[in-house]
Protein chains: 2
Amino acid sequence: MMQQAAVVQDNRLKPQQAAKLLSKAIGALIALLSVALLAPFVLAAVNSEKDQWTYLTLAVIGIITGLVLFSQKTGEAKLRARQVFLLTTLCWVCASLFATLPFVFAQPYLGFTDAWFEAMSAITTTGATVIVGLDELPKSVLLWRGMLQWLGGIGIIVMAMAILPFLQVGGMRLFQAESSDMSGKFLPRSSLMVMAIGKVYLLLTALVILLYALGGMQTFDAFVHGMTTIGTAGFSNYDASFGHFADSPFLIVVGTIFMVAGALPFVLYIRAMKKDIEPIMKDTQVRAFLIFLLLTIVIIALIQVGKGREWGDAFLHTAFNVVSVVTTTGYATEDYGQWGNWSIMIFFYLMFVGGCTGSTAGGMKIFRFQLSQLLLRRQFSQLIHPNLVQVQTYQDRRVNDSLLGSMVAFCFTYFLLVAAIALGLSLFNLDFMTSISGAASAVSNVGPALGDIIGPSGNFSSLPDGAKFLLIFAMLAGRLEIMTVLILFHRHYWRH
Amino acid sequence: MMQQAAVVQDNRLKPQQAAKLLSKAIGALIALLSVALLAPFVLAAVNSEKDQWTYLTLAVIGIITGLVLFSQKTGEAKLRARQVFLLTTLCWVCASLFATLPFVFAQPYLGFTDAWFEAMSAITTTGATVIVGLDELPKSVLLWRGMLQWLGGIGIIVMAMAILPFLQVGGMRLFQAESSDMSGKFLPRSSLMVMAIGKVYLLLTALVILLYALGGMQTFDAFVHGMTTIGTAGFSNYDASFGHFADSPFLIVVGTIFMVAGALPFVLYIRAMKKDIEPIMKDTQVRAFLIFLLLTIVIIALIQVGKGREWGDAFLHTAFNVVSVVTTTGYATEDYGQWGNWSIMIFFYLMFVGGCTGSTAGGMKIFRFQLSQLLLRRQFSQLIHPNLVQVQTYQDRRVNDSLLGSMVAFCFTYFLLVAAIALGLSLFNLDFMTSISGAASAVSNVGPALGDIIGPSGNFSSLPDGAKFLLIFAMLAGRLEIMTVLILFHRHYWRH
Ligand SMILES: [K+]
Ligand SMILES: [K+]
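In this text the structure is predicted, and so the values were computed from the model without any measurement.

Caption draft 1: Spotlight on the overall build of chain A. A count of helices and strands for chain A gives 18 helices and 4 strands. In summary, chain A has a C-alpha radius of gyration of 22 Å against a globular reference of 23 Å for 496 residues, a match within 12%. Its C-alpha atoms give chain A principal-axis dimensions of about 65 × 65 × 55 Å. The buried share of chain A, taken over its 496 residues, is 63%. Contacts in chain A between residues at least 24 apart in sequence constitute 72% of all its contacts with a sequence separation of at least 6. Surface summary for chain A: the accessible area is close to 18400 Å², and the carbon and sulfur share equals 65%. Side-chain charges in chain A split into 32 positive and 26 negative, and the spacing between the mean points of these groups amounts to 16 Å.

Caption draft 2: Structural detail: the relation of the copies chain A and chain B. The two copies are related by a screw motion: chain A maps onto chain B through a turn of 180 degrees and a shift of 0.0 Å along the axis, at an RMSD of 0.0 Å. Expressed as an axis order, the relation between the two copies is that of a two-fold axis. Most of the interface of chain A is mirrored in chain B, where 100% of its interface residues again form contacts.

Caption draft 3: Layout of the domain arrangement of chain A. Residue and element names in this part refer to chain A. Partitioning chain A into structural domains gives domain 1 (6-194) and domain 2 (369-489). When each unit is reduced to the centre of its C-alpha atoms, the spacing between domain 1 and domain 2 is 24 Å. In this complex, domain 1 contributes 36 residues to the contact, which on the side of domain 2 involves 30 residues. Summed over both sides, the interface of domain 1 with domain 2 buries roughly 3000 Å², with 71% coming from carbon and sulfur.

Caption draft 4: Representation of the UniProt feature "binding site: K(+)" (unreviewed entry) in chain A. Residue and element names in this part refer to chain A. The UniProt record annotates "binding site: K(+)" (unreviewed entry) at Thr125, Thr126, Thr328, Thr329, Asn445 and Val446. Of the residues just listed, which span 322 residues, no C-alpha pair is farther apart than 8.7 Å, and they cluster in one region. Here threonine 126 shows up in the loop between α4 (112-123) and α5 (139-167). Setting aside anything within four residues of it in sequence, one finds threonine 126 in contact with Ser121, Gln149, Ala233, Thr329, Ser441, Asn445, Val446, Gly447 and Met475. Residue contacts for threonine 329: discarding those within four places in its chain leaves Thr126, Thr228, Thr232, Ala233, Gly234, Met259, Ser324 and Val446.

About the cut-offs
- Every chain's residues receive numbers from 1 upward, in the order its sequence appears when written.
- A letter from A marks each chain and a number from 1 marks each ligand, given out in the order of writing.
- Two thresholds apply to this predicted model, a pLDDT of at least 70 for residue-level local features and 80 or more for giving and counting side-chain atom pairs, whereas whole-chain, interface and lining totals are computed over all residues.
- Remark: hydrogens and water are excluded; side-chain values derive from all non-hydrogen atoms of the structure.
- In this text, helices come from DSSP runs of H or I with a minimum length of four residues, and strands from runs of E with a minimum of two, each type numbered from the N-terminal end.
- Radius of gyration here is computed from C-alpha atoms only, and the compact-globule reference equals 2.2 Å multiplied by the residue count raised to the power 0.38.
- Relative accessibility thresholds used throughout: buried, under 20% of the residue-type maximum; exposed, over 50%; partly exposed, between the two (1.4 Å probe, protein chains only).
- Any pair of residues with heavy atoms lying within 4.5 Å of one another is described as a contacting pair.
- Note on areas: Shrake-Rupley with a 1.4 Å probe; residue coverage comes only from the protein chains shown.
- By the counting scheme adopted, Arg and Lys are positive, Glu and Asp are negative, and His together with the chain ends is not counted.
- The location of each charge is read from NZ of Lys, CZ of Arg, CG of Asp or CD of Glu.
- Copy-to-copy superposition: least squares on the C-alpha atoms, limited to residues that have pLDDT of at least 70 in both copies.
- Domain start and end points were adopted from an automatic or database domain assignment.
- Here the buried area means the combined drop in accessible surface, using a 1.4 Å probe, for two parts upon being joined, counting both sides.
- UniProt positions are given in the numbering used here, feature names are shortened, and annotations may be inferred rather than shown by experiment.

So this is what it looks like as structure tokens:
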């Protein structure tokens, strides 16, 4: 997405040049999506669906538009870090708007608000849906939904690895590649990196599709659910979500494992492919993530066993649904909100956690909890030993005040955004739990929220349009690590 | 409470000496409370209540016990900062336990859990009550509840001004008196300070009692409500809370004004009494507090007017109830949870705000929101101008990373405690809104929460004992700025 750009500190790009670069990036994205749209067209044609020509028309128009936009001559463009915020946000907005079209002009012929909601939910890998009656839809739509989520998944990995660390958003500087710094170009590294990510992503997707098919899913279901599993995205072909496959422990286990796989840092897979297995075992973020999942699952499963649920059943469904929410996938095999008041509270908290950085998962991300823990440990130690000087490290990198400050700003902004969106939803007369869990779920890109309306067995279709627009904004901001979007509303951003 | 102590960095106090000092402090507190208990005795005797001799017995036993404990010879004791955490916490626990006795042995003859809940709620100025049928209770009990809150109120001001800044808890170092530093004694300043605070507190209390009486309250009601108003504490003599006086706009206005008065920094009153009026006008915390209140009231009142409520009525009741929650008083003239889903959300947020530091108010306190704003402003500016070096000040003091770190640690701990208590409450099968708002209300020392069970028109009596113990802990921790209590559970605290 950003391959033409190099982030530099000083040389300023002129507005016209920036606009050209923006057009180039958006053009590339639209062309890419349009090519992807050929897949639903072929499927629709094979199945003689009535909307087959609509898909082809949109694809052709999209490819032409994309290529025209892309054909801008920009020379060797260098972007300032602050310009990248706008570029990134606009790219996602335009991509989501293009992705909206098939939902409007083909089945299920949604209105614009619903269609944009569905498209934004897809491309941000959120997975909240406004469509009731998925089981009856033509396969082409289901494929388009799945592909959007799959593309959104890889899009976010590329962004998290190639762009965000340079922008110093929310402590992500921690994951800046050692050999680079803010003033260098990241183009050569980026191209190779995107290729490597793509390879890993394809491989994992193929693997999960294969296993789903082996486990008894029909080929089409395996394909779509494979894509939305590895993208920790969560769209399903069925109103019952993954509950449609609840009879098969094998499928549930495969789903659980590959949701976790999608939430691990992809940089470690790339190293692993170079036979460098050690880092993935030693990575503190991965370790903390897995330990957290394990503990949470054991505790919740034991509570359920205590309440009389059968052991195997309890562990199977707890593991799946906990992993689904923590990795921000959003599948459900059953309505975990019905397990009890305690489970509502726990799953509400789990919505905030998220996976590892540089994965397809949303949420606050494990490393930020680890940094917060360092911060708290330092502060409590200082209360006990006021004169103590401490040097703290995270994965062999020194954790300084500036890094913590940036992490804290992210966390505060996260909570403020959730609070603001929740307030907005409550103004549309949604109840307390729906408002606050809906906001958290959207910002964390989980998908389902809690309660009867938009919980695991609910649907977003009944919400008023205003609430849908709020959630569209929340999904976008959450996906782009919030500050990338919110900074555009800062009064200094547009100065000079 | 801490007049015998001087905080020093190096000289270590031997355990026996520390224990003696602790016994002395607790003895003084118990003696003080016992003397206070003579007031309900006198009232009970005058009214020929059947429990009059119980009050006298408890008072005499308490005075003797207190004096015995107080009579320890400690020499010139010097406490380390870290010992003060334990001492402070134990003082509040013991005081609350002594205050529990009259609720057990006199009317309403509560069981221990309920009685301790009522006493802790009183002394921490929380104001959550387990007693149903306040209107029918003997006046002696009502007086005791009011006096406990009044004493708790002045206790917290003294603590916030004389102790907490030295402990560097949660950014409170910002309010350390200019002329002192961590290594110095604070005894001489403290004594004078306590006297001055006492004078202001008495004056304000007398004023509000007088105005309440002028406004038509019976003398006894004016007395008790005056004490619980200035202490931003919120116990009322009626099940309907301040709603009992809802017919009198004058009383509602007086209540509103003096709740605000109780939530202002008392150090500014002390200066004002020395004819130094300027600081109270120029104080950024006071200004932000008042502006925030005004904005919130106007917005909520306008929403209500928009929904058809009469102007005067809307502004009167909005002002009172908003001020009541923000100052963490907890009176209610009506159930603001019934105004709509939006009001539930807004009042939930308001529970966290709190008043100014160095007042009787609980909550997170205005200055922490201001510091957070500084932090966010700095971080966003850095994203836009990565090389910018910024020097930020708060009320002419430089805000450095260490101060912000300590403030952030407080905020994180605050949210974590609320989340943990809410989870605990949900495990006792309380619903989502009751659990989370109950936790927030207890930690912020507001009093009433939201919803049908423990909302403004509810009562804490129906909660299971386990939930009550959780809330007792939450009220205590919240009152002592959380870290003061939580640090005792840190594994390094008890080492060597
Ligand atoms: K998702
Ligand atoms: K209160």
